[in-house]
Structures are given as C-alpha cells and as structure tokens.
Amino acid sequence: MESQQPKILIVGAGIGGLTLAIALRQNGTTAVIWEKARVLREIGAGLLLTPNALWILRRLGLLDQACGAGRVISRWEILSRSGRVLQTFRQDGEMPSVSVTRSAFQQMLLSRLPPEAVLLNHEVRGVMPATETETMAATSAHSVTFSAHLIVGADGGNSVVRAAVGDARMPRVLGYVGWRGLVGHVPRGWEDGRISESWGDGARFGIAPVAAGRTYWYATENRAAGWSVPIEERKAHLLKRFRKWHAPVCDLVAATNDDDILLSPISEQHTLRSWHRGSVTLLGDAAHLMSPNLGQGAAMAMEDAWVLAGCLREHGSGSAALLQYEKLRKRRTSSIVWLSHQVGRLIQIEYPILTMARDAALRLTPDWIGTRSLAPVFNFRA
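Residues numbered from 1 in each chain as written. Predicted model: local features only at pLDDT ≥ 70, side-chain atom pairs only at ≥ 80, totals over all residues. Heavy atoms only, no water.

## Re the overall build of the protein
Stage number 1. Assigned secondary structure in the protein consists of twelve helices and 19 strands.
Stage number 2. Expected size for 382 residues packed as a compact globule is a radius of gyration near 21 Å; at 21 Å, the protein falls within 12% of this value.
Stage number 3. The C-alpha extent of the protein, read off along each of the three principal axes, is 70 × 45 × 40 Å.
Stage number 4. Here the protein, with 382 residues, has 54% of them falling under the buried criterion.
Stage number 5. Taking as baseline every contact in the protein between residues at least 6 positions apart, the subset at least 24 positions apart corresponds to 74%.
Stage number 6. Carbon and sulfur atoms form 53% of the exposed surface of the protein, whose accessible area is close to 17,200 Å². (Helix = DSSP H or I, 4+ residues; strand = E, 2+ residues; numbered from the N terminus. Rg over C-alpha atoms; globule rule 2.2 N^0.38 Å. Buried < 20%, exposed > 50% of the residue type's maximum accessible area, 1.4 Å probe, protein only. Contact = heavy atoms within 4.5 Å. Areas by Shrake-Rupley, 256 points an atom, 1.4 Å probe, with all protein chains shown as cover.)

Put into structure tokens, the structure is as follows:
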C-alpha cells in the first residue's frame, strides 16, 4: 500500500516557488503552485545568478540549461559616472555567474514541472487554519479552496501569506527608486562576459548583457517615498538625469521603448520574529525582502527553497522541519539584508565631496580584496 504524500501548496510562481517545487519533485514529493498572474509574461528585468545560485542549479541538474539561457559573466566592474574603472570583481572560482532575463529563467524552471503543477490566475486572498494538521487557502476569483498539510508563502515582498504567520507589516521604502529596461543589442565593450555598475551622485546605472544579443539595464536615484513619473515622461527624465554620464548610458535609455521602462520604489522587509506558524511558512522576499544592491534576491530565494526541501525530506512536513528550516536560514538571510542595505547607503551617497572620497577609496583598494569580500555571500553549501 502506497504511503500518502503530504499535500503542499506553494503560493507564487516566482524563482523561489518554482525552485522549491523542482527540489521537492527531486526528493519524490509533489506540490501545487498557485500563481495570481493570468499569464507569465516578460517584463523588462534581468537578474544575476551568482555562484551560490548556480551551485543549487547544478544539484537540480539545471546548470547547463541556465548557462545556455543567459550569458556567463567573467567580471563585474564598478565604474565612475565618467566611465573610469574603480573596482573589478573577478569570477574565477569553481562556479561562474550568469546574467539572464528573469522571464527566460522563469520559463526554464517552468519547463521542469508538469503543467498541472502550476495553476495561473489563482490568487490567494487569505490563509486560515482548518485542523491541527491541515491549513486551508482560498481564492476569491474561483471560490476554490485547497486543503494542505503545508503552505509555503513565496508570494513576494507584499506577501498575503505573511499575515498567516502573524506579521502583516508592509516593506519599508528606502528613499530611492529603481529603473529597469531591456534593449535588443549589446553595447560595444560589453561583449566579452563583462557587466558593470556605474556610481554617481545619488544614482547608479547598471549594464548587463544577457542572451540573444540583448542587454538589461537598471538605474537608481534618490527619491522620497511616493515619487513617480508618468510613463510617457520616463525616458526624457532619465536622459536628463544621466546626460553627463559615460556612454552608452544614455544610448541604452534612448533605445528602450517608452512603455518598457519600469519604475518602482526600493524596499526591504522588517525583520520577522518568526517565518512560520502552524503549517504555514515563508520563503524568499516574503520572509526577507532585501534591496537589490548585492543582486541576491533570487539567489536567497533559491537557497531557501533548497534548504526547505532538505528539511522536509529529513523531518516530514511538520513543525520540526519548519523550525529547522528557519534556524538554518534566518541568520544568513538577515546578514545579507543588512549588508545589502549598507552597500546601498554607500552607492546612493549624494554629496560631491563624499562621492569623490568613496570613488578614491575604491580605486585604491586592490581588486582581490573586493573579490574576496564577496566570498561569504557567494559560498553556499548545504
């Protein structure tokens, strides 16, 4: 007689939720993902899969596929706004990094799951206890309920599931905004596995070639909470803001369709007292939303997924697994949230005298010191 598998519901088909579903299947456990979006479509966003993320992908048998979906990165340069190299981080270790569009990576992960494992247009509006061993999730759109032994909230920084663990606070806005775009060419000088981030006065501009001859760019600037720009004015605003910066900054902005320039506030999550309550737990941004200054949002969600799958394999779907998962993950993710916050403060310095001092300090710091400083972030084994 076959043993009955625990019923697991993952809320959110982002990077963390999909990685968890794949890792669970590798362990012989199936899960269902509910995703509120009607269609998983491309948005003008990319991500950097750093060595810790690639270590997990190798364990899942997806390393070659991930490298093929993006562009392997050999170095990451910090530039001044005039284009002078301030610091170079080398990727010479066992694992490289890969620059990829979020949608390409998401589709790659989706391809490893059967269609019935991911249900779109299923928005969870609330999670409530049903019995001591089960939890009930409900969608308002279809009046559908799902009775589960475990619910995992992988539904992002504005998580609905987070309220079920006793913390309904919203993320904290940090005082600067992020811009993103995607263009159909690779600028001259960025063809050989190079990505860059240029730092200026209260702003930055990142350039990251991805696959298929495209380039993802991103920018930040200091702005108060609630600040925004109409879609039709965004390109003009950016061209003015970065007009004195090195090429190809303005060229990339000019080549982006107006409707494809994305703007969002940069936020991070307050420290949660607990990630779980009963048979509900959190993963990724829902548990520890971090600023993007270290490029670790996706990688931390994937680490969470890998560790949670291992705890469930070892302890089953009960509280022992969730306690162990939180114990293994909370200190590391808290340290990355803190470090990313501090790096953001350094990057977003606005006063010219202070930015000159920052840039001089970077120029005088040997590259190997900068590269080594990232080792604790990138070295993940579990």
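Structure shown, so let's carry the discussion forward.
## Concerning the sheet that holds strand β2 (residues 32–34)
Stage number 1. Read across the sheet, six strands follow the order β8-β2-β1-β12-β19-β18 without closing on themselves; strand pairing throughout is mixed. Lying at the two open borders of the sheet, with one neighbouring strand each, are β8 (118–119) and β18 (276–277).
Stage number 2. As defined by bridge partners, strand β1 (residues 8–11) adjoins strand β12 (residues 150–153) across four bridges and the pair is classed as parallel. Residue pairing for β12: Ile 8 is matched across the bridge by Leu 150.
Stage number 3. Sitting on the sheet, helix α1 (residues 15–26) is in contact with β1, β2, β8 and β12, with an inclination near 155° to β1. (Pairing = 2+ DSSP bridges. Axes fitted to C-alpha atoms, helices over the stretch in contact; angles between N-to-C directions.)

## Some points on helix α9 (residues 319–347)
Stage number 1. In this model, α9 (29 residues) spans 41 Å end to end at C-alpha, consistent with the 42 Å of a helix rising 1.5 Å per residue.
Stage number 2. At Arg 329, α9 shows its largest kink, close to 35°. (Expected span 1.5 Å × (residues − 1). Bend = angle between axes of the 7 residues up to and from the residue.)

## A word on the pattern of salt bridges
Stage number 1. Summed over all chains, the structure comprises 17 salt bridges.
Stage number 2. With its nearest N and O atoms 2.5 Å apart, the salt bridge here joins Glu 268 to Arg 172. Of this pair, Glu 268 sits in strand β17 (residues 262–268) while Arg 172 sits in strand β13 (residues 172–183); the two residues are 96 residues apart in sequence, bridging distant segments of the chain.
Stage number 3. With a closest N to O distance of 3.2 Å, Arg 223 and Glu 221 form a salt bridge.
Stage number 4. Three or more residues joined by partner-sharing salt bridges are found here, namely Arg 81, Asp 201, Glu 221, Arg 223 and Arg 241. (Salt bridge = Lys/Arg side-chain N within 4 Å of Asp/Glu carboxyl O.)

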